[in-house]
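# Results of the structural survey
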Amino acid sequence: MEISDRIRKANLIENPLDLIPDCKFYVADNNQFEIVSLKSSALDENTKKWIFELLEKNMKKIYETSSSGWNQQFKLKELFDKSAYYLIAYKNSRPVGYSHFRFDMDFDNEVIYCYELQIEEEFRRYGLGKFLMEILESLCENLELEKVMLTVSKHNKVGQSFFKKKIKYSRDETDINDQDSSIDYEILSKVFWQED
């Protein structure tokens, strides 16, 4: 699959938040969070350790119930691939949540693909996950990419509810659950730009 010029240019951006500077801070219930954007190559070892441990804490049991299972080496490779970007939310210099995403092609579509959205348990219900997704959506609009996409396990009831009900993502045209009901995940998206 050929990578478009638009995706090639997006992957040259060092700090995507420079495109939407109003999104560098988020306040909820008297809590202020700083949002930082980094390429995976710029992450220090302590942050990488935290990213993986939070994913493992939040998702390992869900992965273990799925047909693909939990594969630590695969997840590490995926998390820290050179094309990975991160939005990391900090509270008083402590990381408390993140989104792992990439500017990518999905079939012929130019997309932002959200690979992970993970929030520390004590900082859930502040709207932080919704805000990180809104940043991805703003980037999608700003860069004139077609859609934000993600994959969510059918075993992840909280994730299913959050993405479908709370932030209104729907099954993507590439989702094949209608043809194969044994698949235990769904591909969801929200479309922002469409070619005529």
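Residues numbered from 1 in each chain as written. Predicted model: local features only at pLDDT ≥ 70, side-chain atom pairs only at ≥ 80, totals over all residues. Heavy atoms only, no water.

### Comments concerning the sheet that holds strand β4 (residues 94-106)
One open sheet holds the eight strands; their spatial order is β1-β2-β3-β4-β5-β6-β8-β7, and the pairing between them is mixed. Every interior strand has two partners, whereas the edge strands, β1 (25-28) and β7 (170-171), have only one. Sheet analysis places strand β3 (residues 85-91) next to β4, joined by seven bridges and oriented antiparallel. Note on β4: the bridge partner recorded for L87 is S99. (Pairing = 2+ DSSP bridges. Helix = DSSP H or I, 4+ residues; strand = E, 2+ residues; numbered from the N terminus.)

### Some points on the packing of aromatic side chains
On inspection of all chains with the given rule, the structure shows 16 aromatic pairs. Site record: aromatic cluster; members linked through ring pairs are Y26, F33, F123, Y126 and F131. (Phe/Tyr/Trp six-rings, centres within 6.5 Å; stacked < 30°, edge-to-face > 60°.)

### Quick word on the pairing of β1
Residues of β1 alternate between two faces, with Y26 and A28 buried on one and F25 and V27 left unburied on the opposite face. Sheet topology places β1 next to strand β2 (residues 31-39); four bridges connect them, and they run antiparallel. Looking at β2, one finds that A28 is bridged to N31. In sequence, β1 turns back onto β2 through a hairpin of two residues, with D29 there showing a positive phi of about 50°. (Buried < 20%, exposed > 50% of the residue type's maximum accessible area, 1.4 Å probe, protein only.)

### Digging into the side chain of S66
By the element assignment, S66 lies in the loop between α2 (45-65) and α3 (72-79). In terms of polar contacts, S66 uses its side chain to reach the backbone carbonyl oxygen of Y63, at 2.7 Å. Setting aside residues no more than four positions away along its own chain, S66 makes contact with H155 and D184. (Polar contact = N/O pair within 3.5 Å; in protein donor to acceptor, adjacent residues only side chain to side chain. Contact = heavy atoms within 4.5 Å.)

### Observations regarding the pairing of strand β5 (residues 109-119)
Extensive coverage of β5 is indicated by the burial of ten of its eleven residues. Sheet topology note: the β4/β5 ladder contains ten bridges and is antiparallel. Looking at the pairing, R102 lines up with Y113 of β5. Once β4 ends, the chain turns through two residues before running back antiparallel as β5, passing F107 with a positive phi of about 55°. Bridge count for β5 against strand β6 (residues 147-153) is four bridges, and the pairing is parallel. Each bridged residue has a counterpart across the sheet, and for Y113 the counterpart in β6 is M149.

### Focus on the packing of helix α4 (residues 128-142) against helix α5 (residues 157-166)
For the pair α4 and α5, the least separation of the axes is 12 Å and the interaxial angle reads 55°. Judged on the interaxial angle alone, α5 and α4 are oblique. Between α4 and α5 lies a crossing of right-handed hand. Contacts from G129, K130 and M133 of α4 reach α5 at F162, F163 and K166. Class assignment of the residues belonging to the contact of α4 with α5 gives a composition of three nonpolar, one polar and two charged. (Axes fitted to C-alpha atoms, helices over the stretch in contact; angles between N-to-C directions. Parallel < 35°, antiparallel > 145°, perpendicular 65-115°, else oblique. Left-handed = near helix turned anticlockwise from the far one by under 90°. Nonpolar A, V, L, I, M, F, W, Y, C, P; charged D, E, K, R; others polar.)

### A look at the environment of I62
Counting through the fold element by element, I62 comes out in helix α2. Judged by its relative accessible area of 18%, I62 falls in the buried class. For the pair I62 and S153, spaced 91 residues apart in the sequence, the C-alpha separation amounts to 7.7 Å. What I62 contacts, discounting residues up to four positions off in sequence, is S153, H155 and N156.

### Topic: the side chain of T47
Tracing the backbone shows T47 in helix α2. Excluding anything up to four places from it in sequence, T47 contacts I88 and Y90.

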